[in-house]
Amino acid sequence: MDGYLVNPKNTIEILKKYDIHFQKKFGQNFLIDNHVMDKIIRTADINNDDCVLEIGPGIGTMTQFLCENAGQVLAVEIDNNLIPVLKDTLSAYDNVKVINGDILKQDIRELSETYNNGKPFKVVANLPYYITTPIIMGILENDAPVDSLTVMVQKEVAERMQAGPGGKDYGALSLAVQYYSEPYLAANVPPNCFMPRPGVGSAVITLKKYAEPPVKVNNKKLMFDIIKASFQQRRKTLINSISNYSGLNIQKESVVSALSEMNLSAQVRGEVLTLEQFAELSDKLGK
Ligand code: SAM
């Protein structure tokens, strides 16, 4: 690991050489732990047929390992101060292309046409935490050509993504992620694995995208509006949350009869319904 940036000594040296100051506004926490790096690369299951899309390469710490394992790496970094650094730290690799830009403004389908013959990417990233959810949901909801996402996120967010019905972590994010993908929480990562140390714990999670969603629903938008309504005030009954939600215009009586047809109690709360049950409820209320 001597020559790699994952060795903190090398990271410090590069930061000094280029007079780089961490930009909090871009969520810059660089990885400096060899075991975590190894875990990410193994979990992402990368081989030389793969084209990896890395979001936020930073100074290139993870990019170096991605270049060694993948066929091709496309890295999108927002901070233009880091572009000359990446040129230096990735100079040994000829299978990487760095784009200076905001990932939220990239058309991932167009990137796949340009850089991967229209084939899907594997996304691997130590994500900037301030925009974790928009990045992940943007990729999933827009049906971007991506097979899987292996990402470092805030620990609580990873727990919410893979939570099942009944627990405190279960909510709209769990259902949205699980409609599009199968989550697997691969590792918890403490703050001392980063420079600078973030104020929160982190976790590596893999989301394997489904070819087809695991449930069928007539109106996806309606189902997600119902889910949003159900979790906006978690302690309310489903009947009240749905019928009081201004974005929905659904009468109380309709919810009462739909729940009764589904053999669910009138007192039931959204937090115990499975994705299948939300799909069924949505189809009944959408009639
Ligand atoms: N991959 C590096 C590592 O593991 O050490 C850096 C990870 S750091 C947590 C997040 C990186 O994402 C930073 O380099 C930051 O500048 C970049 N970033 C932040 N917002 C971004 C955006 N909207 N688009 C692309 N990159 C972004």
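Residues numbered from 1 in each chain as written. Predicted model: local features only at pLDDT ≥ 70, side-chain atom pairs only at ≥ 80, totals over all residues. Heavy atoms only, no water.

Enquirer: Now, about the pattern of salt bridges: what can you tell me, with residues and values included?
Expert: On inspection of all chains with the given rule, the structure shows 11 salt bridges. A salt bridge links Glu280 to Lys284; its shortest N-O distance comes to 3.9 Å. Here Glu280 and its partner Lys284 are both found in helix H12 (residues 275–285), four residues apart, which amounts to about one turn of the helix. One network of salt bridges, in which partners are shared, links Arg234, Arg235 and Glu271. (Salt bridge = Lys/Arg side-chain N within 4 Å of Asp/Glu carboxyl O. Helix = DSSP H or I, 4+ residues; strand = E, 2+ residues; numbered from the N terminus.)

Enquirer: Describe the site of the ligand, naming the residues involved and giving the relevant values.
Expert: Neighbouring the ligand are 24 residues, the closest being Leu31, Gly56, Glu77, Asp102 and Asn126. At 3.4 Å from a nitrogen atom of the ligand is found a side-chain nitrogen or oxygen belonging to Glu54. Across the complex, the protein chains shield 99% of the 600 Å² of accessible surface that the ligand would expose by itself. If you list the elements that add at least two residues to the shell around the ligand, you get strand E1 (30–31) and strand E3 (72–77). A breakdown of the residues in the shell around the ligand according to their chemical character gives 12 nonpolar, eight polar and four charged. (Near = heavy atom within 4 Å. Polar contact = N/O pair within 3.5 Å; in protein donor to acceptor, adjacent residues only side chain to side chain. Areas by Shrake-Rupley, 256 points an atom, 1.4 Å probe, with all protein chains shown as cover. Nonpolar A, V, L, I, M, F, W, Y, C, P; charged D, E, K, R; others polar.)

Enquirer: I'd love a proper account of the pairing of strand E2 (residues 51–55), names of residues and values included.
Expert: Of all the five residues making up E2, five are buried; the element is thus mostly covered by neighbouring parts of the structure. Burial along E2 is two-sided: Cys51, Leu53 and Ile55 and Val52 and Glu54, pointing in opposite directions, are all buried. Here E2 runs beside E3; their pairing, made up of five bridges, is parallel. Bridge pairing links Val52 to Val73 in E3. The sheet contact formed by E2 and strand E5 (residues 121–126) spans three bridges and is parallel. Paired with Val52 across the bridge in E5 is Lys122. (Buried < 20%, exposed > 50% of the residue type's maximum accessible area, 1.4 Å probe, protein only. Pairing = 2+ DSSP bridges.)

Enquirer: I'd like a description of the sheet that holds strand E7 (residues 181–189), backed by residues and values.
Expert: As summarised here, the arrangement of the seven strands in space is E4-E3-E2-E5-E6-E9-E7, forming an open sheet in which the pairing is mixed. Because the sheet does not close on itself, it has two edges, and the strands there are strand E4 (96–100) and E7. Between one strand axis and the next, the sheet turns by 20 degrees as a mean value, whatever way the strands run. Packed on one face of the sheet, helix H6 (residues 132–141) meets E2, E5, strand E6 (146–154), E7 and strand E9 (202–209) and runs near 170 degrees to E6. (Axes fitted to C-alpha atoms, helices over the stretch in contact; angles between N-to-C directions. Contact = heavy atoms within 4.5 Å.)

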